Amino acid sequence: MTASPIRTERHDDILVIISDNPPVNALGAAVRQGIEAAIKDGVADASVAAMVIRCDGRTFFAGADITEFTKPPVSPLLPELVDMIEASTKPVVAAIHGTALGGGCEVTLGCHYRIAVPSAKIGTPEVKLGLLPGAGGTQRLPRVAGVRVALELTAKGDPIPAKKAHEAGLIDRIAGEDSLVADALAFANEIKDIRPIPRASEKAVTADPDAVEAFRKENARRFRGFEAPAANIACIEKAASGATFADGIAFERQEFMRLMMGVQSAAQRHIFFAERQASKIDDVPADTALRPIRRVGVIGAGTMGGGIAMNFLTAGIPVTIVEMQADALERGTGTIRKNYEATAAKGRMKPEQVDAAMAALTPTLAFDDLAECDLIIEAVYEEMSVKKDIFTRLDAIAKPGAILASNTSYLDIDEIAAVTSRPQDVVGMHFFSPANVMKLLEVVRGAKTAGDVLATVMDVAKKIRKVAVVAGVTYGFIGNRMLMPRQVEATKLLLEGATPEQIDRVHVGFGMPMGPFQMADLAGVDIGWHRDPSRIENIRDALAAENRWGQKTKAGFYDYDEKRTPSNSARVAEIIDQFRAKEGVTPREIGDDEIVARTLYTMVNEGALILEEGKAQRASDIDVVWIYGYGWPVYRGGPMFWAQTEGLKKVVAGLEQYGFPVARSLKEAAATGGQIR
Ligand code: T1G
């Protein structure tokens, strides 16, 4: 019988209920049972005048235990526990530190008073799991904090700091940062005899139809395809509609169960755990000693180099940035400052933070200045000979133990490592553009990359707020390798009768932020072009030769106006027709299903091959790459998760129908009804 995570302490007539359930005091069954028993004892004990609920460790309850959602329910259910706390005949104070999230926030709402340290945050992020607060949160929040704050917390899912929560009435008292326990006891003594005991469910809700309308509009714009935000808004609206608390709760329960049973929530919960799993390297012990990273070197102050540097500067890690030419260096550092100032202008950074970040940047033309760096990231032209030259020079000047990383998007890390005397210190760090914005970082493990180098880079990734995924050495690693069959098939479909707008429409309708041709126009049709306008071997060559390089030249697969609004291009249709004629292809009607099979199923197939070759640790890592690197809709859980929900038999049949060789592991999983691993 394991010890309960709940214990109690008496402080005169105050009963303190304490949870010690690391790492985040998730409200698992044992925690709920322990709190239920303690509340019952406190209510029954005449010598108890009031109670305090608090948590040990780094945070107040961070929510229901998400791992329990796929298991049979165990009493008391969280809604029952929250109701039971609220019904207590003795006042209960929630003492909050860290992040009171989801069910944790709902427990505080069942309490009668809430006190929090200044650094605490409180919120209901269930929407990010494809859910809604299912323990009374949608009905109590508008009663305690008002409709607008309730909408912000539930439909967007971002927690708010204690100060803002206090202003909204969600928190009653702010404690001292280091005196929460004492201040909570004092607060309990102050309120213990106040009657009536304030209960959230008994408060009235002030309707705010404008707020509901505003959030509905924002939801349609920002959360295209997601089901949960609309459900959260509907529950808050129900609370503000004059419905009784009981009717509101019934509606909340109905909506919660509908979402919980849906594919979207399963997908979003899958990604929640997949993102955390991705940070684990199967064959490197979690307690591997890390190399200290006190200063980072970045080679190249262009778009990528500048963005990469910003990640570290923002995290407070000094950067030495090297360029070959003074004007390029000046341009690069100027762009960094401009980007920071733009962030500050939006109120997301203070001017002094901008100055501190820039003060930590050391621009130099002297390559040897990199000698003092612990991690050096090369972000120069995507050409193997250039990379090899850089790493040869690095090998000569970098200090022993420095980690030497390449930001290459495709190239062979082993080949780069081989020019150095320290291949164990060489690794790939593939940032996605814009590097200071995109969350994904592919960490490319060479054959000789040392375990502590990998562990250090994964740790640094966390520090610069990236979602890191380990990839093996293969052309394009994980994400870009899967992009290739998609681009090849999309181009073939053009020749066979589809149009850029049809293919992009299918992808955008699927939930991608943009389709293959919109993406080409954004990134640049001329990327990887041989620059010889007389050499026209495919449609992209033909576009590039006519300076149709995409948005930057106001013409690519689409035409663009001053505001970069795209329109279908008659010239592109002509070029495609010319290629059809040249290839002797008679265009045919192409259905959306064929586009899905040939541009999305082929990605899944490539993902299965990547797993078979050991170039990704797990299928969920591939999902994480596509969610955070390419905007795959999180409510579909990533390519490999989506394939399971699509049905692997259907995926295999689609691939075979269009003549694709199906990966062995995919075929086996489809045949056995198993999972792609
Ligand atoms: N349940 C189970 N495990 C959880 C968990 C949770 N709620 N939250 C975190 N973990 C695990 C996580 O998987 C990781 O495990 C470890 O804790 C550390 O997490 C009825 C239905 C609290 C801000 O959505 O946002 O309440 O990898 O790496 O970066 O209305 O965890 O170590 O094995 O993220 O310091 C609502 C989810 C649930 C909050 C801390 N609550 N958690 O971040 O650590 S649904 C949430 C977080 C709900 C009710 C509804 C973050 C954090 P491992 P971590 P962190």
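Residues numbered from 1 in each chain as written. Predicted model: local features only at pLDDT ≥ 70, side-chain atom pairs only at ≥ 80, totals over all residues. Heavy atoms only, no water.

Where an unreviewed UniProt entry is consulted, the protein chain appears under the name 3-hydroxyacyl-CoA dehydrogenase NAD-binding domain-containing protein, with the organism given as Sphingomonas cynarae. Under the UniProt heading Pathway (unreviewed entry), the note attached to the protein chain is "Lipid metabolism; fatty acid beta-oxidation." The annotation that UniProt attaches to the protein chain under Subcellular location (unreviewed entry) is "Peroxisome". (UniProt positions renumbered as here; feature names shortened; annotations may be inferred.)

Participant: Outline the UniProt feature "domain: 3-hydroxyacyl-CoA dehydrogenase NAD binding" (unreviewed entry) in the protein chain, supporting the account with residue identities and numerical values.
Facilitator: In the numbering adopted here, UniProt assigns the feature "domain: 3-hydroxyacyl-CoA dehydrogenase NAD binding" (unreviewed entry) to residues 296–471. Along residues 296–471, the helical share is 41% and the strand share 21%, with 22 Å between the first and last C-alpha atoms. (Helix = DSSP H or I, 4+ residues; strand = E, 2+ residues; numbered from the N terminus.)

Participant: Outline the nonpolar core, supporting the account with residue identities and numerical values.
Facilitator: Ranked by internal contacts, the top residues of the largest apolar core, which has 89 residues, are Leu394, Ile478, Phe557, Trp626, Trp632, Leu666 and Ile676. When we break this core down by domain, the ones giving at least three residues each are domain 2 (296–478) and domain 3 (499–583). Excluding anything up to four places from it in sequence, Ile676 contacts Val604, Ala608, Leu611, Ala619, Met640, Ala643, Gln644, Leu648, Leu666 and Ala669. (Core = buried A, V, L, I, M, F, W, Y, C linked by side-chain atoms within 4.5 Å. Buried < 20%, exposed > 50% of the residue type's maximum accessible area, 1.4 Å probe, protein only. Domains from an automatic or database assignment. Contact = heavy atoms within 4.5 Å.)

Participant: So, the packing of helix α5 (residues 147–156) against helix α8 (residues 209–222): which residues are in play, and what are the values?
Facilitator: Two numbers describe how α5 lies on α8: the axes approach to 9 Å, and their chain directions differ by 20°. Considered as vectors, α5 and α8 are oriented roughly parallel to each other. Remark: the crossing between α5 and α8 carries right-handed chirality. Residue-level contacts link Val147, Arg148, Leu151, Glu152, Ala155 and Lys156 of α5 to Asp210, Ala211, Val212, Phe215, Glu218 and Arg222 of α8. By residue class, the composition of the contact of α5 with α8 is six nonpolar, no polar and six charged. (Axes fitted to C-alpha atoms, helices over the stretch in contact; angles between N-to-C directions. Parallel < 35°, antiparallel > 145°, perpendicular 65-115°, else oblique. Left-handed = near helix turned anticlockwise from the far one by under 90°. Nonpolar A, V, L, I, M, F, W, Y, C, P; charged D, E, K, R; others polar.)

Participant: Describe in detail the environment of Val74, supporting the description with residues and values.
Facilitator: Assignment of secondary structure puts Val74 in the loop between β3 (50–55) and α2 (78–86). For Val74, a relative accessible area of 37% corresponds to the partly exposed category. Separated by 44 residues in sequence, Val74 and Ala30 place their C-alpha atoms 9.3 Å apart. Not counting residues up to four positions away in its chain, the partners in contact with Val74 are Ala29, Arg32 and Gln33.

Participant: Break down helix α13 (residues 326–345) for me, with residues and values.
Facilitator: The end-to-end C-alpha distance of α13 is 28 Å, a good match for the 28 Å that 20 residues give at a rise of 1.5 Å each. Where α13 is buried, its residues touch α12 (303–314), β11 (319–322), α14 (351–359) and β12 (361–364). Phi turns positive one or two residues past the end of α13, at Gly347, with a value near 80°. (Expected span 1.5 Å × (residues − 1).)

Participant: Mind laying out the UniProt feature "domain: 3-hydroxyacyl-CoA dehydrogenase C-terminal" (unreviewed entry) in the protein chain, listing which residues take part and the relevant values?
Facilitator: Following the UniProt record, the feature "domain: 3-hydroxyacyl-CoA dehydrogenase C-terminal" (unreviewed entry) maps to residues 476–560 here. Regarding residues 476–560, the helix share stands at 52% and the strand share at 4%, and the terminal C-alpha atoms are separated by 30 Å.

Participant: Quick rundown of the pattern of salt bridges? Include the residues and the values.
Facilitator: Enumeration according to the criterion identifies 51 salt bridges in this entry. A salt bridge links Lys156 to Glu218, with the shortest nitrogen-to-oxygen separation between them at 4.0 Å. Placement of the pair is Lys156 in helix α5 and Glu218 in helix α8, with a sequence separation of 62 residues. On the basis of relative accessible area, Lys156 is assigned to the partly exposed category, the value being 25%. In this structure Glu218 comes out as partly exposed when scored by relative accessible area, which is 24%. Notably, a salt bridge pairs Arg588 with Glu594, separated by 2.7 Å at the nearest N-O pair. Salt bridges here are not isolated pairs; linked through shared partners, they connect Glu489, Lys492, Glu496, Arg588, Glu594 and Arg598. (Salt bridge = Lys/Arg side-chain N within 4 Å of Asp/Glu carboxyl O.)

Participant: Would you mind going over the pairing of strand β15 (residues 426–431) in detail, with residue names and values included?
Facilitator: Summarising burial for β15: six of the six residues are buried, a large majority. Side chains of β15 alternate between two faces, with Val426, Gly428 and His430 and Val427, Met429 and Phe431 buried alike. Where strand β14 (residues 403–406) meets β15, three bridges bridge the pair, whose relative direction is parallel. Bridge assignment links Ala405 to a residue of β15, and that residue is Val427. (Pairing = 2+ DSSP bridges.)

Participant: Tell me about the environment of Gly176, and name the residues and values.
Facilitator: Examined against the element boundaries, Gly176 turns out to sit in the loop between β9 (173–174) and α7 (180–191). Put simply, Gly176 and Gly591 are 415 residues apart on the chain and 64 Å apart in space, counted from C-alpha to C-alpha. Setting aside chain neighbours within four positions, we find Gly176 in contact with Val117, Pro118 and Asp183.

Participant: Summarise unusual backbone geometry; cite the residues concerned and give the values.
Facilitator: Across the junction of Pro22 and Pro23, the peptide omega takes the value 5°, indicating a cis bond. Omega for the peptide link from Arg195 to Pro196 comes to 0°, which places this bond in the cis form. Among the secondary structure elements, Pro196 is positioned in the loop between α7 and α8. We note that Asn25 has phi near 55°; this positive angle belongs to a residue other than glycine. Tracing the backbone shows Asn25 in the loop between β2 (14–19) and α1 (29–44). Given the relative accessible area of 2%, Asn25 is considered buried. One non-glycine residue, Arg531, adopts positive backbone phi at about 70°. Relative to the elements of secondary structure, Arg531 occurs in the loop between α20 (516–523) and α21 (539–545).

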